[in-house]
Amino acid sequence: MSNFKYKEQHAVIVKVESEQEQKEVFEKLKKLGFKDLKVVSV
């Protein structure tokens with residue numbers, strides 16, 4: 001644990017109603033130029 005280096009990060013979470021909407025929103029954000037996108041399902 002002594003090698004751990006804290007790096008501040010910022011994120012936005014967008015809740016959607018379905019997997020299909022998740023795919024659509026992901027593609028829209030990609031087209032807008034966002035590069036570091038993550039998909040999370042819980």
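As a reminder, the structure under discussion sits directly above these lines.
Residues numbered from 1 in each chain as written. Predicted model: local features only at pLDDT ≥ 70, side-chain atom pairs only at ≥ 80, totals over all residues. Heavy atoms only, no water.

> Which residues make up the overall build of the protein chain, and what values go with them?
Along the protein chain, the regular secondary structure elements total one helix and zero strands. Viewed in the frame of its principal axes, the protein chain has a C-alpha envelope of about 40 × 25 × 10 Å. Considering the protein chain as a whole, with its 42 residues, one finds that 2% of them fall into the buried category. Summed over its atoms, the accessible surface of the protein chain is roughly 4,900 Å², and 55% of this surface lies on carbon and sulfur atoms. Charged side chains of the protein chain number 9 positive and 7 negative; the gap between the two group centres comes to 7 Å. (Helix = DSSP H or I, 4+ residues; strand = E, 2+ residues; numbered from the N terminus. Buried < 20%, exposed > 50% of the residue type's maximum accessible area, 1.4 Å probe, protein only. Areas by Shrake-Rupley, 256 points an atom, 1.4 Å probe, with all protein chains shown as cover. Lys, Arg positive; Asp, Glu negative; His and termini not counted. Charge placed at Lys NZ, Arg CZ, Asp CG, Glu CD.)

> How would you sum up the side chain of Gln22? Please name residues and give values.
As for its position among the elements, Gln22 is in helix H1 (residues 19-31). Of the polar contacts made by the side chain of Gln22, one reaches the backbone oxygen of Val40; its length is 3.2 Å. Each residue touching Gln22, except ones within four places of it in the same chain, is listed here: Val16, Val39, Val40 and Ser41. (Polar contact = N/O pair within 3.5 Å; in protein donor to acceptor, adjacent residues only side chain to side chain. Contact = heavy atoms within 4.5 Å.)

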